[in-house]
Amino acid sequence: MEIVIIGNHCAGVTAAETLRKLDKSCRITVISREDTPPYSRCLVNYIISGKKKIDDILFRPVDFYKTNSINTIFGVEATNIYPESKEILLNTQVKIKYDKLLVATGASPVLSGVEGENKDGVFVLRTMEDALKIRKYSENVATAVVLGGGLVGIKAVTALFELGKKVKLIVSSSGILSQNLDADEAEIAENYLISNGIDIIKRTSVSKILGSEKVEGVKTSTGEIIDCQMVIVGKGVEVNKSLIGETGIEAGQGIIVDDHCRTSVPDIYAAGDVVQSADNVRKSAWINALWPFAAEEGRVAAENMLGKDSVLRQRTSMNSLNLLGLPVITCGLTGMREKITDAEKVTIKGKDKTTMKRFVFKGNKIVGFVLIGDIRDAGVLNTIVRKEIDISGAKDSILSGRFDFASMLPVFMDNCEKFNDDTEKEFKQIFKTYKNK
Ligand SMILES: Cc1cc2nc3c(=O)[nH]c(=O)nc-3n(C[C@H](O)[C@H](O)[C@H](O)COP(=O)(O)OP(=O)(O)OC[C@H]3O[C@@H](n4cnc5c(N)ncnc54)[C@H](O)[C@@H]3O)c2cc1C
């Protein structure tokens, strides 16, 4: 069987690895625009700060493809898919045949359209190449401006700061991480960054990037001129789905897949940041652009290509960020990107000024949470949220913070029928055994 994978990152590599583990004879070809060994995108900020070298961020060895007999076509782009003839077209005009195809093309950053974005010293942050270029250019940079207070913007801020640069973060919203944190939570995170020396300018955008050929400053929407030698645009991404063109593959913001990672066209699967897949807390197909999701989707797609009946686990988004030492984790519905009807929000402030927890309850379930400073309970809480566990008997203990996996055992035992994934069968057996005692 001829299996073609477009995309050589988390979803694509996990799929290729799974295929080879399960089938020694199928022919696997991985096609990728980037010509790099498998590196972790989540760690590219450490290349900027210098905390890690390229070898440190590889998640599979350089000889991964050779060892697994995987054919690679790197440094090229797949431009079209022809489902009827089961072929894809590359930008080199070469056509490649497939029996099964996986689209794992992820997403790409977008510039914001501000005048002057074409000057030397303006960067986005997505690839290892971006990170290496930023690090090299920053040798002659004293002050950097970062546009956008989301995950990528914050990672750029902390990396440049750790490299010893003066960093100014400009956000158009009223606070950083505005898709996840409410005003009080954002204030804690902002104050922490400010106390470390980061400048944060809120409710402001950049109207022009100044300089002749190189960046020399930015002009803000309030007319202020800020001197800087580098601008990182960390504001938005777009899903790489243009290659599906006229194929009839159903898509919204991302390619729509079912719980087997099948698209609407036979023998074409999709996985990773390019897809909209089930989020059982949101109750809708959602783009959860996260590494663990991409890995799971890559595995599930591969298993199904080989005829298994593999389904995605119950899941919801969980974002984790380290703000120069202050950990922040958000999970499920936090009420910032969505209106949650009949929700009860409970905030617990810690004794110091850097600790806060917020739980979003809907009936007897937790549908989302935010942890700042103290993130010890994130794993247990994530299980409770994504498995939609009825916590009526444990709400007080959750709110008091006196809980961990052991104290939640009675609740898990009552819900043991929800632990059905392959990896959870042992838990289920333990919960059942204790329940029957
Ligand atoms: C700076 C940064 C930090 C992050 N930190 C975290 C984190 O801490 N935790 C977390 O869970 N997630 C994090 N993420 C998100 C995580 O990296 C992604 O969810 C993950 O990389 C998705 O993997 P993927 O394989 O779906 O797609 P991608 O990683 O986007 O890879 C897609 C691949 O497809 C290739 N490609 C695209 N189009 C074509 C085409 N037409 N032809 C050929 N090849 C093509 C691309 O070159 C690329 O190699 C971070 C992302 C960034 C940018």
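These notes cover the structure that comes with them. (Residues numbered from 1 in each chain as written. Predicted model: local features only at pLDDT ≥ 70, side-chain atom pairs only at ≥ 80, totals over all residues. Heavy atoms only, no water.)

### Details of the pattern of salt bridges
Piece 1. Under the criterion given, the structure shown has 28 salt bridges.
Piece 2. Linking glutamate 296 and arginine 299 is a salt bridge whose minimum nitrogen-to-oxygen distance equals 3.9 Å. Placement of both glutamate 296 and arginine 299 in helix α7 (residues 291–305) is noted, with a separation of three residues, approximately one turn of the helix.
Piece 3. Assessed through its relative accessible area of 29%, arginine 299 is described here as partly exposed.
Piece 4. Among the ionic pairs, arginine 315 bridges to glutamate 296, the shortest N-O distance being 3.1 Å. In this pair, arginine 315 sits in the loop between α7 and β22 (318–323) while glutamate 296 sits in helix α7, placing the two residues 19 residues apart along the sequence.
Piece 5. Arginine 315 sits in the buried class, given a relative accessible area of 4%.
Piece 6. One salt-bridge network, held together by shared partners, links Glu296, Glu297, Arg299, Glu303, Arg313 and Arg315. (Salt bridge = Lys/Arg side-chain N within 4 Å of Asp/Glu carboxyl O. Helix = DSSP H or I, 4+ residues; strand = E, 2+ residues; numbered from the N terminus. Buried < 20%, exposed > 50% of the residue type's maximum accessible area, 1.4 Å probe, protein only.)

### Digging into the packing of helix α1 (residues 10–22) against α7
Piece 1. Contact geometry for α1 and α7: axes closest at 7 Å, N-to-C directions at 35°. Like other packed secondary-structure pairs, α1 and α7 cross with a definite hand, here right-handed. Across the interface between the two elements, Cys10, Ala11, Thr14, Ala15, Thr18, Leu19 and Leu22 from α1 touch Trp291, Ala294, Ala295, Gly298, Arg299, Ala302, Glu303 and Met305 from α7. (Axes fitted to C-alpha atoms, helices over the stretch in contact; angles between N-to-C directions. Left-handed = near helix turned anticlockwise from the far one by under 90°. Contact = heavy atoms within 4.5 Å.)

### Regarding the sheet that holds strand β7 (residues 100–103)
Piece 1. Spatially, the five strands line up as an open sheet ordered β3-β2-β1-β7-β19, and their pairing is parallel. Of all the strands in the sheet, just β3 (70–74) and β19 (268–270) have a single pairing partner and so form its edges. Between one strand axis and the next, the sheet turns through 20° on average, direction left out of account.
Piece 2. One ladder, built from four bridges, connects strand β1 (residues 2–6) with β7; its direction is parallel. Bridging across to β7, valine 4 finds its partner in leucine 101.
Piece 3. Against the sheet, α1 makes contact with β1, β2 (27–32), β3 and β7, and its axis sits at roughly 160° relative to β1, the strand it touches most. (Pairing = 2+ DSSP bridges.)

### Quick look at the site of the ligand
Piece 1. With respect to spatial proximity, 32 residues lie near the ligand, and among them Arg41, Ala78, Arg126, Lys155 and Asp273 are the closest.
Piece 2. Alanine 107 places a polar main-chain atom, nitrogen or oxygen, 3.4 Å from an oxygen atom of the ligand.
Piece 3. Note that an oxygen atom of the ligand is positioned 2.7 Å from one of the side-chain N or O atoms of arginine 126.
Piece 4. Here the ligand has 1000 Å² of accessible area as a free molecule, and 93% of this is covered by the chains.
Piece 5. Those elements that provide at least two residues to the shell around the ligand are α1, β2, α5 (151–162) and α7.
Piece 6. With three residues, the single largest contributor to the shell around the ligand is α7.
Piece 7. Tallied by class, the residues present in the shell around the ligand amount to 17 nonpolar, eight polar and seven charged. (Near = heavy atom within 4 Å. Polar contact = N/O pair within 3.5 Å; in protein donor to acceptor, adjacent residues only side chain to side chain. Areas by Shrake-Rupley, 256 points an atom, 1.4 Å probe, with all protein chains shown as cover. Nonpolar A, V, L, I, M, F, W, Y, C, P; charged D, E, K, R; others polar.)

### With respect to the environment of serine 85
Piece 1. Looking at the secondary structure, you find serine 85 in the loop between β4 (78–82) and β5 (87–90).
Piece 2. Relative accessible area serves as the criterion here: at 29%, serine 85 is assigned to the partly exposed category.
Piece 3. For the pair formed by serine 85 and threonine 330, sequence separation is 245 residues and the distance between their alpha carbons is 45 Å.
Piece 4. In this structure the side chain of serine 85 is engaged in a polar contact, spanning 2.9 Å, whose partner is the side chain of glutamate 87.

### As for the sheet that holds strand β12 (residues 199–201)
Whenever strands of a sheet pair, they do so through backbone hydrogen bonds, lying parallel or antiparallel.
Piece 1. Taken in spatial order, the five strands make up an open sheet running β9-β16-β10-β11-β12, and their pairing is parallel. The sheet is open, and its two borders are formed by β9 (122–123) and β12, each paired with just one other strand.
Piece 2. Judged from the five bridges that link them, strand β10 (residues 143–147) and strand β11 (residues 166–170) form a sheet pairing that is parallel. By the bridge assignment for β11, alanine 144 is matched with valine 167.

Keep in mind that these numbers describe shape and distance, not what the molecule does.
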